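Spelled out from the first residue to the last, the chains are:
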Amino acid sequence: MRLHTHAVDVLVVGGGTAGPMAAVKAKEANPALNVLLLEKANVKRSGAISMGMDGLNNAVVPGHATPEQYVKEITLANDGIVNQRTIMAYARNSFAMIEELDRWGVKFEKDETGDYAMRKVHHMGTYVLPMPEGHDIKRVLYRRLKRTRVAITNRWIATRLLTGTDGRVAGAMAFDCRTGDFHIVRAKAIVLSTGAAGRLGLPASGYLFGTYENPTNAGDGYSMAYHAGAELSGIECFQINPLIKDYNGPACAYVTGPLGGYTTNGKGERFIECDYWSGQMMLEFYRELEGGDGPVFLKLDHLAEETISTIETILHTNERPSRGRFHKGRGTDYRTHMVEMHISEIGLCSGHSASGVWVDEHAATTVPGLYAAGDLACVPHNYMLGAFVYGKIAGESAARHCGAVSLAEIDQAQVEAESARVRAPLLRGEGLPPSQVEYKLRRMVNDYLQPPKVTRKMEIGLRRFEEIRQDLDRLWARDPHELMRALEVHAIRDCAEMAARASLYRAESRWGLYHARVDHPARDDLNWFVHVQVRKTGDGMTCFKRPIEPYLVSVDEHEQSAYQNTRIPRDSRRQSARETHSTST
Amino acid sequence: MPTAFVPTSLPVRIDEELCIADKGCTVCVDVCPLDVLAIDLAKGAAYMKFDECWYCMPCEKDCPTGAVTVDIPYLLR
Ligand SMILES: Cc1cc2nc3c(=O)[nH]c(=O)nc-3n(C[C@H](O)[C@H](O)[C@H](O)COP(=O)(O)OP(=O)(O)OC[C@H]3O[C@@H](n4cnc5c(N)ncnc54)[C@H](O)[C@@H]3O)c2cc1C
Ligand code: SF4
Ligand code: SF4
């Protein structure tokens, strides 16, 4: 394992969605800057959008919605626990980003007059913009990276950030998963964009990599930010998604909903009003699955042939194109069969719910010089367009920061401790295989953290995670690839502990299923209308409250119920199913 | 500590007749987000080395000769 040291101005860690945008925008802001994009996989095909995307889930397009309406919608969808400033910064920049991506060559659906063909999926406003030809998005980003001359390293795994004696960010450490070489990258500013913690719970299939998120995203960024002393927020607001059973990918209701598809229970009854993914919707989904009326299905078999072939073209060539292969293997044809649905294991992801590194409206974390964007950064329900917008904000903030500072001194003790931690699994001639430790850890996450959350269970879970901490010292890797998996287990364990501690700390229920606490079943705004933060202190992992900043957009009492009453009352169900049937065929 | 090798059925197949790794192609190995493919130098063909697949399909889509087939991993099928 050879050691190399590099120095750059801006280091972007993670080259999926937000990362390439951050690197391009930092370079555009100041072409003289040395910008390095460091990626675990290969920037050409990495991250959540590896094979493209079906659509924008949260486009704020003039004529369809205003930034103020969007801020209100997300405030309600996230049960009030938001820093509206960050959501407003997204909303105000949303349309300009769509136009820029459009100019770069990303294809969005338009109507006959050339306007964006917006669709309604949310409870209140209209925010979904389909991208039936969205498979090229990574290629478009790659072209921009080349054009702006951003330096790229592929197959480097960042493991820890370095902080200077003054507490500001000094660089990052990484190793090459092909050669095993160890790299120290000094930087004036760092953008973390390593995506969700997608390998936290164990999928019901038992397959470690059968996750909703791209499993490259193991939660490394959550762990790195934590160990650098950054505040994390909303960790207890888990990500749980309604997915195709066993396949564990989206079905996808945002594509099929506007075309007439909907979710039903085992009796063929529609039981939720709206398919927008919120904690409350997930709770209704869970109740239906667990109650006598399950299983739950996505119903398309009533749609016209033309509509079904459109759906097939989108779902089987884009985003998760192996969906078609999965259905074929099971003999499922949308024309004649409903698609069996299930709920996923837990993850951490602000793109879908709210768990992330705390950032302000400039994408700044609480560590000077460290910025965060995308699924990893706490801007609730931010999705893909949010990753792009915050990538831009983070890149521009990082470029600005470089003008004001010089490289921070490196603390040799941090370097030595980390190179020893990284090297250790390779030096052991025997020990525990990473896959086995990961399996056990993630199975424990399911057993003890999967909502509904039970205090006693989470306390036991914490003890198990402590025991697994001991096992980390026995992880054995035979080559740099296995070493990557071994170090991912360290990060997953950190995320599991954060998930348990933040969930125990918030002594109320909120966000439907995401934080349903059996021992504290009611929402308690008097004590818990606050953010719950997690941070590393001298005493270890510490949770504390952060007050909610005054709202920019107020929310009326009567509007609050929009996301709280998502269940269709039993007596009006059959009728609503019939109505949908007749309007969509 | 004793360990064992447990065989697993792999989801990705490479048609060795079609694969041109012997001419220097490494496209599928390059694009795989999980880094689970490798080139067998003796055979001059790509193969799946680790059972850690997201069934995402860049390997199949980007292969210039159509040598790659991605199946759904057995446990999910
Ligand atoms: C299946 C699926 C469907 C979705 N559908 C939609 C949709 O239709 N519409 C929508 O708006 N949103 C959708 N989303 C959400 C959207 O894709 C994400 O919110 C967004 O792409 C996240 O961008 P990101 O940059 O944070 O993460 P990613 O794009 O996942 O990028 C993270 C990158 O970090 C790299 N990385 C991880 N760890 C390290 C490390 N230690 N060192 C270096 N690099 C590292 C990874 O390899 C990856 O390239 C979907 C997500 C998924 C998974
Ligand atoms: S991309 Fe195709 S031709 Fe190239 S190495 Fe892989 S399988 Fe062989
Ligand atoms: S399907 Fe995806 S994860 Fe599996 S081998 Fe191909 S590129 Fe790699």
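In the block above lies the structure referred to throughout.
Let me sum up the structure you'll find in this document. Owing to the predicted nature of the structure, the values given are computational and were not obtained by experimental measurement. (Residues numbered from 1 in each chain as written. Chains lettered and ligands numbered in written order. Predicted model: local features only at pLDDT ≥ 70, side-chain atom pairs only at ≥ 80, totals over all residues. Heavy atoms only, no water.)

Re the overall build of chain B
The line we're drawing: Elements are defined by DSSP. Helices are runs of H or I of four residues or more, strands are runs of E of two residues or more, and each kind is numbered from the N terminus. Burial here depends on accessible area, computed with a 1.4 Å probe over protein chains only, as a share of the maximum for the residue type. Under 20% is buried, over 50% is exposed, and the range in between is partly exposed. Pairs of residues are marked as contacts when any of their non-hydrogen atoms sit within 4.5 Å. With residues, only the protein chains shown are counted as cover, and all accessible areas are computed by Shrake-Rupley using a 1.4 Å probe. Neither His nor the chain ends contribute to the count of charged residues, in which Lys and Arg are positive and Asp and Glu negative. Where a charge lies is defined by one atom per residue type: Lys uses NZ, Arg uses CZ, Asp uses CG and Glu uses CD.
In terms of regular secondary structure, chain B is built from 2 helices and 4 strands. The N-to-C order of helical and strand elements in chain B reads β-α-β-β-α-β. Buried residues in chain B amount to 45% of all 77 residues. Of the contacts formed within chain B by residues at least 6 apart in sequence, a portion of 54% connects residues at least 24 apart. Carbon and sulfur atoms provide 57% of the accessible area of chain B, an area that totals close to 4,100 Å². Where the 6 positive side-chain charges of chain B centre and where its 12 negative ones centre are 2 Å apart.

Side note on the site of ligand 1
Residue and element names in this part refer to chain A. Applied cut-off: Any residue with at least one heavy atom within 4 Å of a molecule or strand is counted as near it. N or O atoms within 3.5 Å of each other form a polar contact, as long as, within protein, one can give a hydrogen and the other can take it, and as long as residues adjacent in sequence are counted only when both atoms are side-chain atoms.
By nearness alone, 38 residues border ligand 1, and Thr17, Glu39, Gly55, Asp220 and Asp375 come closest of all. A distance of 2.8 Å separates an oxygen atom of ligand 1 from a polar atom in the backbone of Ala18. Measuring from an oxygen atom of ligand 1, one finds a side-chain N or O atom of Asp375 at 2.6 Å. Computed on the free molecule, ligand 1 has an accessible area of 1,000 Å², of which 99% lies beneath the protein chains in the complex. Counting only elements with at least two residues in the shell around ligand 1, the list comes to β3 (55-56), β6 (156-163), α5 (220-227) and α10 (383-404).

Considering the sheet that holds strand β11 (residues 262-264) of chain A
All names here are of chain A. As a reminder of what qualifies: Paired strands, as defined in this entry, are two strands with at least two bridges between them according to DSSP. For every element, the axis is a line fit to its C-alpha atoms; helices are fit only across the contacting stretch, and the angle between N-to-C directions ranges from 0 to 180 degrees.
In space, the 4 strands of this open sheet follow the order β10-β13-β12-β11, with antiparallel pairing throughout. The open sheet has two free edges, formed respectively by β10 (242-244) and β11, since each of these has just one partner strand. Between one strand axis and the next, the sheet turns by 40 degrees as a mean value, whatever way the strands run. When β10 meets strand β13 (residues 339-343), the two strands line up antiparallel, connected through 3 bridges. Within β13, the position partnered with Leu243 by the bridge is His342. Packed on one face of the sheet, helix α7 (residues 279-290) meets β10, β11, β12 (296-299) and β13 and runs near 115 degrees to β13.

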